[in-house]
Amino acid sequence: MIQHREPGNPQSSARDTSVVLRVSKISKQFPGVRALDGVSLTLRRGEVLAVIGENGAGKSTLMKILAGIEQPDSGTIAIDEHPVVIDSVQSALAHGIALIHQELNLCDNLDIAANIFLGREQHTGGWMNRRDMLREAERFLRMVGLNVPPDTLVARLSIGQQQMVEIARALSVDARILIMDEPTSSLSQQETETLFEVVKGLRRQGVSVIYISHRLGEVRELADRVTVLRDGRNAGELQRDEIDHDRMVRLMVGRDISQFYVRQSHTPGDPMLELEELVVPRNPRHKIRLQIRAGEIVGLAGLVGAGRSELLQCIFGIEPPLSGTIRVGGRVARIRHPLDAIRHGLALAPEDRKTAGVILEMTVQENITLPGLRAYCHPGGIRNLARERHDTETLIRRLRIKTPSPHQIVQLLSGGNQQKVVLAKWLALTPRVLLLDEPTRGIDVGAKREIYQLMENLAASGVAILFASSEMEEVLGMSDRVLVMHEGRIAGELPREKLSEENIMRLATGGSLLATESVGR
Ligand SMILES: Nc1ncnc2c1ncn2[C@@H]1O[C@H](COP(=O)(O)OP(=O)(O)OP(=O)(O)O)[C@@H](O)[C@H]1O
Ligand SMILES: [Mg+2]
């Protein structure tokens, strides 16, 4: 029986904090990569343990081992101090361990309820009937604050909503140990707050949570303890009162990172990207007008579903505009297809790397050089392989892409390293206009700093950058100007002097600015 004491002060209660999970000296080798090298950790009852580390540090691999998806080469796992072998997902579930994957893992062609109960449709008393399933699913959807009928096809949901379904599914198995591998990387602020409430509620009920995130603010808010991995090894541990940003960074990357945001003020040049009365197919009721000058970095803020990705995809020709004009470098650009966009000097690093960002079955080098393949050809069409290799290696180094070689298959990289390949691929093009959709999602702090520096260098060399981001800090830190979208239109524009979280949120939620006129339309 769990005693409910004052929340937020767990020490005051005499509750059971015994060790529920003890991982000792786990190692795991992949071809060419030692992913884990003698890693240990403990997890107590009713505790939120954050596991942090750079991209490729081994976090997901360790969690897959705990969830029965991968087998360790050596090391032991004990539950309630009894040694166990977790050799399948079923055996992990039987031990009360559930994993919310870093990558979405739902069946697009099934509805929400079917996804939540996938593989568990058979109850003790026979098959679960559809009505019960829908009712139960609805209960879990309510817990995660997802207000969508349970018979909605998953394919119709946004990425954030799909993530909430994953979380609902994990809740529905009644785990004692719940592992969340970057659960918030595609959630809106609102969804993130709901998730935090869910996690805190679980903790009060005595559930133990392993929480992986690159967002150190979240870790600070949620974690009772932090374990840090570096290059597949334990790099240190922080107790509740030691958890601060600098300590976490130092343990993760082995050095301090000073001056995180590197945006310098430039005098913007001529208009590089201009949209006039652009009608985006997904939001045909509005006309979009905007202008970005050479050397400017413009943030595109808004809540999930505000139409940011749709706008970027429209500009890039993935879903060409219904009407209106796009000008690039002052000249009208007819963009009906991404190839047109590339020809006019545009590049888009999309939000969802799995569907649009990279070709998972191809190598790192093939992905990076693909969009600019024509530029890598000698006259006569023979490929300049030496240059391809050189450019790839430069980007691997700059973005600190952790890969055994340029010829590794992208699918085998860690999530954050795949994201870096998406960026590298478009940066290799040296575009005139760079469109970025959530550029640093899932990327560790060290590499984030590198990406900001690259954006800054590109801007300084005259590239116009439009980037959509849900990370408030990044929008505030990197933008010369912010356009805020609300329900498919640009609800307002904030110059640098008016940039604040409050102003962005006001516009993003359909309000207007206090005391001043909202600029833009
Ligand atoms: N199936 C595999 N085959 C080969 N290498 C792999 C495989 N799975 C993971 N790796 C490698 O193991 C290392 C650890 O990967 P892991 O996914 O655990 O990192 P991570 O800490 O979760 O990183 P991220 O923050 O980017 O998600 C990486 O170098 C990765 O490329
Ligand atoms: Mg991972």
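About the cut-offs
Residues numbered from 1 in each chain as written. Chains lettered and ligands numbered in written order. Predicted model: local features only at pLDDT ≥ 70, side-chain atom pairs only at ≥ 80, totals over all residues. Heavy atoms only, no water. Pairing = 2+ DSSP bridges. Helix = DSSP H or I, 4+ residues; strand = E, 2+ residues; numbered from the N terminus. Axes fitted to C-alpha atoms, helices over the stretch in contact; angles between N-to-C directions. Contact = heavy atoms within 4.5 Å. Buried < 20%, exposed > 50% of the residue type's maximum accessible area, 1.4 Å probe, protein only.

## Some words on the sheet that holds strand S15 (residues 297–302)
Turning to step 1, where the next piece is worked out: Taken in spatial order, the six strands of this open sheet run S18-S19-S20-S15-S21-S22, and their pairing is mixed. The open sheet has two free edges, formed respectively by strand S18 (346–349) and strand S22 (489–495), since each of these has just one partner strand. Neighbour-to-neighbour, the strand axes of the sheet open up by a mean angle of 20°, direction not taken into account.
Turning to step 2, where the next piece is worked out: Direction of pairing for S15 relative to strand S21 (residues 481–486): parallel, over a ladder of five bridges. Bridge pairing in S21 links Val298 to Arg481.
Turning to step 3, where the next piece is worked out: Packing against the sheet, helix H14 (residues 415–427) makes contact with S18 and strand S19 (433–437), and its axis sits at approximately 180° to S18.

## Details of the sheet that holds strand S13 (residues 271–279)
Turning to step 1, where the next piece is worked out: The four strands are arranged S14-S13-S16-S17 in an open sheet whose pairing can be described as antiparallel. At either end of the open sheet lies a strand with only one pairing partner, and these are strand S14 (288–293) and strand S17 (331–332).
Turning to step 2, where the next piece is worked out: Two strands pair when backbone bridges link them, and strand S16 (residues 323–328) and S17 are joined in this way by two bridges, in the antiparallel orientation. The residue bridging Arg327 from the neighbouring strand is Val332, located in S17.
Turning to step 3, where the next piece is worked out: In the packing of helix H9 (residues 308–315) onto the sheet, contacts are made with S13, S14 and S16, and the angle to S13 comes to roughly 110°.

## Some details on the pairing of strand S10 (residues 208–212)
Turning to step 1, where the next piece is worked out: With five of five residues buried, S10 is to be regarded as a mostly interior element.
Turning to step 2, where the next piece is worked out: Where burial is concerned, the two faces of S10 agree: the one with Ser208, Ile210 and Ile212 and the one with Val209 and Tyr211 are both buried.
Turning to step 3, where the next piece is worked out: When strand S3 (residues 48–52) meets S10, the two strands line up parallel, connected through four bridges. Of the residues in S10, the one forming a bridge with Val51 is Ile212.
Turning to step 4, where the next piece is worked out: Examined bridge by bridge, strand S9 (residues 177–181) and S10 share five bridges and lie parallel to one another. Each bridged residue has a counterpart across the sheet, and for Ile179 the counterpart in S10 is Ile210.

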